[in-house]
Amino acid sequence: MPRSSRDSRPTTPVLWLPEMDGAWQFRHRAHDVPHLLQRWRAVARAARLQLSVIHEVRGFPVYFLTSRLVAARPLYLSAGVHGDEPGAVLGLLEWAERSIAYLRRADVILVPLFNPAGLSLNIRLDSEGNDLNRFFDHPSHPHITGWRKAMSGFSPRLAVCLHEDYDAQGLYAYELNRDATLRLAESCLSTTDAMLSRDSRRTIEGRSARSGIIRRRRLPMVENLPEAVILYQSGTSCTLTFETPSEFSLAVRTRTHARLIQAACDWDATSGIS
Ligand SMILES: [Zn+2]
């Protein structure tokens, strides 16, 4: 006789997350896009966020959420640009569901699932075969057109872009920061060291890394730019891109993303950035 998952939750919640149905059996709904969008609508209602649809693809809406108090230089949080990175998508959702009171008084933009068609298919690319994170400088791409239109008038003070990487050997981050004295990625990653080890490689994705952090102040003039670089070029003071290792436990990756978002928000609330 099958046991009820509700009766069978482990007493030691090492791998248990309440938002994952039957997590004790390691079954999840990380690629069930209608289910995830329904949960985001519930977050929007509870936190009084304004929900806009900036694009539709294969019947899936791309949500863009703004808080009631959103101003010209908000905090910006995004996930799901790549469809095979469910830990990032679930991490942002889990964090939001537990941060309703914060979201009601925050100055924030959320783009929680940029590539819903890709997530439903569990592929990195969109349904047309494009890597959307190489299209943010292509304003004629319909996906990017909708995003740019929604972002007009906004220049985030701090942007957090959530990703995962199949080649990663641990957690790592990119930091683009105009202030060389700030060590924001280090501040965030130090809160998750007990949850997920850092990628210790000295070179990651062809770039010099130290303690899992790739820092840059200046950008080469290249094409096919990602979201974080376009935001930085548009005046964002600091962009953080967190990359969890895709081959590690989904529950750990999800929890790590949620913790990293919280760390960035805590830093934003206490130290501030203009
Ligand atoms: Zn990615």
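Structure: above.
Quick look at the structure, then. (Residues numbered from 1 in each chain as written. Predicted model: local features only at pLDDT ≥ 70, side-chain atom pairs only at ≥ 80, totals over all residues. Heavy atoms only, no water.)

### A look at the overall build of the chain
Line of reasoning, step 1. Regarding its fold elements, the chain presents eight helices and 10 strands.
Line of reasoning, step 2. When the 274 residues of the chain are sorted by exposure, 55% land in the buried category.
Line of reasoning, step 3. Expressed as a percentage of contacts within the chain between residues at least 6 apart in sequence, the contacts between residues at least 24 apart total 76%.
Line of reasoning, step 4. For the chain, the accessible area works out to roughly 12,400 Å², and carbon and sulfur atoms hold 50% of it. (Helix = DSSP H or I, 4+ residues; strand = E, 2+ residues; numbered from the N terminus. Buried < 20%, exposed > 50% of the residue type's maximum accessible area, 1.4 Å probe, protein only. Contact = heavy atoms within 4.5 Å. Areas by Shrake-Rupley, 256 points an atom, 1.4 Å probe, with all protein chains shown as cover.)

### Description of helix H5 (residues 142-151)
Line of reasoning, step 1. Residues His143, Ile144, Gly146, Trp147, Ala150 and Met151 constitute the buried set of H5. Summarising the axial view, the buried residues of H5 lie within an arc of 160 degrees, below the 170-degree limit, and thus occupy one face.
Line of reasoning, step 2. Against strand S1 (50-57), strand S2 (60-66), strand S3 (75-79), strand S4 (108-111) and helix H7 (227-233) lie the buried residues of H5. (Arc of directions from axis to C-beta.)

### Let's talk about the coordination of the zinc ion
Line of reasoning, step 1. All of the protein donors around the zinc ion are His82 (ND1), Glu85 (OE), Glu85 (OE) and His163 (ND1); their distances to the metal are 2.0 to 2.4 Å.
Line of reasoning, step 2. Donor residues for the zinc ion sit on one chain with the sequence pattern H-x2-E-x77-H. Here the residue glutamate 85 occupies a position in the loop between S3 and helix H2 (86-97), and histidine 163 occupies one in strand S5 (residues 158-165), the gap between them amounting to 78 residues.
Line of reasoning, step 3. A residue is classified by how much of its surface remains accessible, and histidine 163, at 3% relative accessible area, is buried. (Donors = N, O, S within 2.8 Å, 3.2 Å for Na, K, Ca; no water.)

### Some points on the side chain of glutamate 243
Line of reasoning, step 1. Relative to the helices and strands, glutamate 243 is located in strand S10 (residues 238-245).
Line of reasoning, step 2. At 6.8 Å, arginine 124 is the nearest oppositely charged side chain to glutamate 243, a buried residue that forms no salt bridge. (Lys, Arg positive; Asp, Glu negative; His and termini not counted. Salt bridge = Lys/Arg side-chain N within 4 Å of Asp/Glu carboxyl O.)

### Comments concerning the sheet that holds S3
Line of reasoning, step 1. Across the sheet, eight strands lie side by side as S1-S2-S4-S3-S5-S10-S6-S9; this open sheet has mixed pairing. In this open sheet, the two strands that pair with only one neighbour each are S1 and strand S9 (213-216). Looking at each pair of strands side by side, their axes are set apart by 15 degrees on average, direction ignored.
Line of reasoning, step 2. Against the sheet, helix H8 (residues 250-270) touches S3, S5 and S10, its axis set at about 165 degrees to S5. (Pairing = 2+ DSSP bridges. Axes fitted to C-alpha atoms, helices over the stretch in contact; angles between N-to-C directions.)

### Points about the environment of valine 108
Line of reasoning, step 1. With respect to the helices and strands, valine 108 occurs in strand S4.
Line of reasoning, step 2. Between the alpha carbons of valine 108 and arginine 73 there is a distance of 8.7 Å; along the sequence they are 35 residues apart.
Line of reasoning, step 3. When sequence neighbours within four positions are dropped, the list of residues in contact with valine 108 reads Leu65, Thr66, Ser67, Val70, Pro74, Leu75, Leu77 and Leu103.

### Here we look at the nonpolar core
Line of reasoning, step 1. Of all hydrophobic cores here, the largest spans 54 residues; its most connected members are Trp40, Leu77, Leu92, Trp95, Leu103, Leu110 and Phe242.
Line of reasoning, step 2. It is H8 that provides the largest number of residues to this core, a total of eight residues.
Line of reasoning, step 3. In contact with tryptophan 95, not counting residues within four places along its chain, are Leu77, Tyr102, Leu103, Leu110, Ala258, Ile261, Gln262 and Cys265.
Line of reasoning, step 4. Among the nonpolar cores identified, the runner-up in size contains 24 residues, and Phe64, Phe136, Ile144 and Leu225 belong to it. (Core = buried A, V, L, I, M, F, W, Y, C linked by side-chain atoms within 4.5 Å.)

Geometry only, nothing functional implied.
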